[in-house]
Amino acid sequence: KTLPPAADKLVELSVSGKMSGDGKSDALAWILTAVSGDDVAVTEDDLASVVAAAASGLADKNLGARAAGGKLVDEVIRRAGSAGAARLVTSSSLPPALKSAAAAHVEKGGAVAPSAPGSLNPSPSTSPVRVERSARPATARGAGAARSSLRASRVGAGVRASASSLPPPASSVASGPVLMADGAEKD
């Protein structure tokens, strides 16, 4: 298969600093499409390679590479469970920085059972479901609502005055001498 050599090369290029974050993100996305899906047969050796590749993304400073690495580790957790993913991380021959990044992501995910006991290929009915949470609670008011309520609280807000109710312009009101820029008064 292509996956183990591709993952090894990805780790090698990551450690040497010869791969950009965008390139790493694209490579990790390709690996994710290669291993995701319930009909894809994935061995434990494939998952070990996926963990190694994902660790190189998780340790990267590029946000896209870290996100792609996280998705890969999530796929490994979905297939092997959190205990199996942790075992794959600890048994890997990764550099310590990459190993700790992968272990931290597995621990952050919490305890998840494998999607199908004894099998790396789950059926949809036994796949774990992760609940997505909204970034904002349902009861929070948006900034637009706060701004419009501020406008409504102003005196006379929303009421248009007619031209007859406005005071006359300042130029038509005679109230005394006009001061000039040089300080002299003009009558």
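For clarity, every value in this text was computed on a predicted model and none was experimentally measured.

Thresholds applied
- Every chain begins its residue count from 1, and numbering advances along the sequence as written.
- At least 70 in pLDDT is required for a residue's local features to be given in this predicted model, at least 80 for side-chain atom pairs to be given and counted, and no such filter applies to totals for whole chains, interfaces and linings, which use all residues.
- Only heavy atoms go into the side-chain values, all of them from the structure, while hydrogens and water stay out.
- Using only the protein atoms, space was sampled on a 1 Å grid; points where a 1.4 Å probe fits but cannot get out form cavities, open sets with protein on both sides within 12 Å along at least five of seven lines form pockets, and lining residues are those with an atom within 4 Å of a point.
- Grid points are joined across faces, edges and corners, and a volume is the space filled by probe spheres set on the points.
- The numbering of helices and of strands both runs from the N terminus, where a helix is a DSSP run of H or I of at least 4 residues and a strand a run of E of at least 2.
- Three classes are used: nonpolar for Ala, Val, Leu, Ile, Met, Phe, Trp, Tyr, Cys and Pro, charged for Asp, Glu, Lys and Arg, and polar for all others, with Gly counted as polar.
- Between the first and last residue of a helix there are one fewer steps than residues, each counted as 1.5 Å, and that sum is the expected span.
- The bend at a residue is defined as the angle formed between two axes, one fitted to the seven residues ending at that residue and one fitted to the seven starting there.
- N or O atoms closer than or at 3.5 Å make up a polar contact, with two conditions inside protein: a donor-capable atom paired with an acceptor-capable one, and, for residues adjacent in sequence, both atoms drawn from side chains.
- Within this scheme, the nonpolar core is defined by two criteria: the residues are buried Ala, Val, Leu, Ile, Met, Phe, Trp, Tyr or Cys, and they are joined through side-chain atoms within 4.5 Å.
- Residue exposure (1.4 Å probe, protein chains only): buried if accessible area is under 20% of the type maximum, exposed if over 50%, otherwise partly exposed.
- Contacts are residue-level and defined by heavy atoms, with any inter-residue pair within 4.5 Å sufficient.

Caption draft 1: A look at the layout of surface pockets. Of the volumes computed, that of the second largest pocket is approximately 180 Å³. Lining the second largest pocket, in full, are Asp-8, Val-11, Ala-48, Ser-49, Ala-52, Leu-88, Ser-91, Ser-92, Ser-93, Leu-94 and Pro-95. Residue assignment for the lining of the second largest pocket shows that the elements contributing at least two residues are helix 1 (3-16), helix 3 (44-58) and helix 4 (63-91). Examining the composition of the lining of the second largest pocket, we find that three residues originate from one element, helix 3, more than from any other. Residue composition of the lining of the second largest pocket, by class: six nonpolar, four polar and one charged.

Caption draft 2: Representation of helix 4 in the model. Counted at 1.5 Å a residue, the expected span for helix 4 with its 29 residues is 42 Å, but the 27 Å between its end C-alpha atoms falls short. At Gly-81, helix 4 is bent by approximately 115 degrees, the largest bend along its length. The N-cap residue of helix 4 is Asn-62: its side-chain oxygen and the backbone nitrogen of Gly-64 are 2.7 Å apart.

Caption draft 3: Molecular detail of the nonpolar core. Formed by 31 residues in total, the largest nonpolar core has its most connected members in Ile-31, Val-50, Leu-72 and Val-76. Sort the elements by how many residues they give to this core and helix 4 lands first, with nine residues. Not counting chain neighbours up to four residues away, the residues in contact with Val-50 comprise Leu-3, Ile-31, Val-35, Leu-72 and Val-76.

Caption draft 4: Seen up close, the side chain of Lys-24. Turning to its location among the elements, Lys-24 is positioned in helix 2 (residues 21-35). Not counting chain neighbours up to four residues away, the residues in contact with Lys-24 comprise Leu-10, Ser-14, Met-19, Ser-56, Gly-57, Asp-60 and Ala-65.

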